[in-house]
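# Observations on chain architecture
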Amino acid sequence: MKLKTFTLAALLPMGLLLMANVAQAQQFQIDSTHESIDELGSKQQERLATAGLNFLKLSQSARGAGMADAYTSVADDISAAFWNPAGLTDIPKLAWTTTYTRWVARTQLFSGALAYNTGSSRTGVLGISLVYLKPEDVEETTIWEPGGTGRIINAKDMALSAIYALRFTDKLSFGLSFSWVHEAILDRSFNTGVFGVGTIFHTGFRNLRLAMSLRNLGRDGQYEQVSFWMPLNYHMAISDELYGKKGDPAYLTVAFESIYAIDYDQRYHIGGELWLGNVLALRGGYKFNYDAETFSLGAGVKYEVTQGRKLMLDLSYTDFGYLLTPPLRLTLSGEF
């Protein structure tokens with residue numbers, strides 16, 4: 001029975017991804033017959049700008065962003081609510097987090113999460129999370145009134161999620177999330193629901209961990225006359241401690257991640273986190289095959305208020321080149 005459970009949990013994200021894309025893959029195979037490599041490259045470029053609700057792909061915690069998003073297999077705190085829900089099984093009892101992000105083009109991004117570990121092998125961990133993005137209000141302009149019409153255009157994006165995580169064995173955890181997503185501009189809006197699923201497997205070799213995460217799985221959307229895909233992403237990740245082990249006064253974690261995005265080619269993240277005195281964390285990482293994002297840097301401090309009660313403050317910086325303002329993230333979280 002345990003073997004069947006392990007197999008199901010480990011392969012479920014891959015199965016969902018295959019089901020979600022089988023029709024697209026079949027059509028691509030038919031259209032690609034006898035085409036040259038250059039023509040296939042053009043087909044891949046046609047995927048750009050085909051997904052909507054892209055705020056769902058933005059990083060929500062300074063810790064993960066500081067590692068250049070190479071965090072799916074590292075997530076072991078409340079921020080796992082945004083990266084890999086399976087990681088919530090590592091929170092001790094009750095945990096919370098809130099993050100502010102100064103995004104590009106004067107856009108503000110806020111997020112928060114709360115999770116409770118029941119301690120039961122049946123009920124597992126229950127959690128909720130909220131993501132809210134607010135672009136800057138701008139005045140409407142037209143060809144006839146380039147200086148502005150006086151009408152203010154405002155927009156917002158929001159995702160409210162319910163999360164469930166369960167530890168099957170001491171080596172395997174599973175997580176599932178459902179999000180209600182809302183997007184509005186002026187007096188028009190769009191609503192839908194998306195699912196997420198993830199697993200973390202402790203191999204037993206050193207501290208090696210393998211993880212998978214499928215995010216934003218849902219039906220295609222349509223706004224007015226425009227149809228679009230959900231921003232589906234599939235992550236495969238691996239991490240280990242090169243020096244020390246988790247909980248030691250000092251240890252170094254490195255992680256590598258491969259990402260398949262429905263609207264882009266394959267991407268890769270690599271990152272590391274060094275803990276000193278189990279109080280100060282230094283982080284860094286790099287993203288490959290991105291148009292703007294490159295390296296990330298971050299730091300964090302952990303303060304033990306009392307036995308079993310902790311507060312964490314994290315900061316991160318992501319390089320966006322010289323054309324865009326680099327995003328800055330500030331995260332405050334706690335465990336009880």
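Residues numbered from 1 in each chain as written. Predicted model: local features only at pLDDT ≥ 70, side-chain atom pairs only at ≥ 80, totals over all residues. Heavy atoms only, no water.

### Some details on the overall build of the protein
Check the secondary structure of the protein and you find four helices and 18 strands. In the protein, 51% of the contacts between residues at least 6 apart in sequence involve partners at least 24 apart. As displayed, the protein has an accessible area near 17400 Å², and 63% of this comes from carbon and sulfur atoms. (Helix = DSSP H or I, 4+ residues; strand = E, 2+ residues; numbered from the N terminus. Contact = heavy atoms within 4.5 Å. Areas by Shrake-Rupley, 256 points an atom, 1.4 Å probe, with all protein chains shown as cover.)

### Here's the deal with the environment of Leu109
Within the secondary structure layout, Leu109 lies in strand 2 (residues 108-117). Spatially, the C-alpha atom of Leu109 lies 5.9 Å from that of Tyr132, the residues being 23 residues apart in sequence. The residues touching Leu109, leaving out its near neighbours within four places in the chain, are Leu58, Ser59, Gln60, Thr99, Tyr100, Thr101, Val131, Tyr132 and Leu133.

### Things to note about the pattern of salt bridges
Applying the stated criterion to the full structure yields 15 salt bridges. For Glu241, the salt bridge identified is with Arg209, shortest N-O distance 2.9 Å. Of this pair, Glu241 sits in strand 12 (residues 233-243) while Arg209 sits in strand 9 (residues 209-217), and the two are 32 residues apart along the sequence. Arg209 sits in the buried class, given a relative accessible area of 4%. Residues Glu273 and Arg283 are paired through a salt bridge, measuring 2.6 Å at the closest nitrogen-oxygen approach. Here the residue Glu273 occupies a position in strand 14 (residues 267-276), and Arg283 occupies one in strand 15 (residues 280-288), the gap between them amounting to 10 residues. The pair Glu273 / Arg283 is uniform in exposure class, with both members buried. When salt bridges with common partners are traced through the structure, they connect Arg63, Asp76, Asp77, Lys246, Glu273, Arg283 and Asp314 into a single cluster. (Salt bridge = Lys/Arg side-chain N within 4 Å of Asp/Glu carboxyl O. Buried < 20%, exposed > 50% of the residue type's maximum accessible area, 1.4 Å probe, protein only.)

### What to know about the confidence of the model for the protein
Any segment with low pLDDT has predicted coordinates that should not be analysed in fine detail. Summarising the model, the protein shows a mean pLDDT of 86, and 85% of its residues fall at 70 or more. Predicted confidence for residues 1-43 stays below pLDDT 50, and this span has 38 contacts to residues more than four positions away or in other chains. (pLDDT = per-residue confidence, 0-100.)

### Some remarks on the pairing of strand 8 (residues 188-202)
In the sheet, strand 7 (residues 172-185) pairs with strand 8 via 14 bridges, with the strands oriented antiparallel. By the bridge assignment for strand 8, Ser179 is matched with Val194. In this antiparallel pair of consecutive strands, strand 7 and strand 8, the connection spans two residues, and Leu186 shows a positive phi of 55 degrees. In this sheet, strand 9 lies alongside strand 8 in antiparallel orientation, the contact comprising seven bridges. Its bridge partner being in strand 9, Thr199 is matched across the sheet by Met212. The turn linking strand 8 back onto strand 9 is made up of six residues, and Gly204 within it adopts a positive phi angle of 90 degrees. (Pairing = 2+ DSSP bridges.)

### Some remarks on the pairing of strand 15
Burial of strand 15 is one-sided: the residues Ala281, Arg283, Gly285 and Lys287 facing one way are buried, the residues Leu280, Leu282, Gly284, Tyr286 and Phe288 facing the other way are not. Direction of pairing for strand 14 relative to strand 15: antiparallel, over a ladder of nine bridges. Counterpart to Trp275 in the pairing with strand 15 is Ala281. Taken together, strand 14 and the strand that follows it, strand 15, pair antiparallel across an intervening segment of three residues, in which Gly277 is found at a positive phi of about 65 degrees. Here strand 15 pairs with strand 16 (residues 295-306) via seven bridges, running antiparallel.

### Quick word on the side chain of Asn216
By the secondary structure assignment, Asn216 is in strand 9. Residue Asn216 is classed as buried on the basis of its relative accessible area of 9%. In terms of polar contacts, Asn216 uses its side chain to reach the backbone carbonyl oxygen of Pro231, at 3.1 Å. Those residues in contact with Asn216 that sit more than four places away from it in its chain are Leu56, Lys57, Val194, Phe195, Met230, Pro231, Leu232 and Asn233. (Polar contact = N/O pair within 3.5 Å; in protein donor to acceptor, adjacent residues only side chain to side chain.)

### Re the side chain of Thr97
In this structure, Thr97 sits in strand 1 (residues 94-102). A relative accessible area of 6% places Thr97 in the buried class. Not counting residues up to four positions away in its chain, the partners in contact with Thr97 are Ile78, Phe82, Ser111, Gly112, Ala113, Thr331, Leu332 and Ser333.

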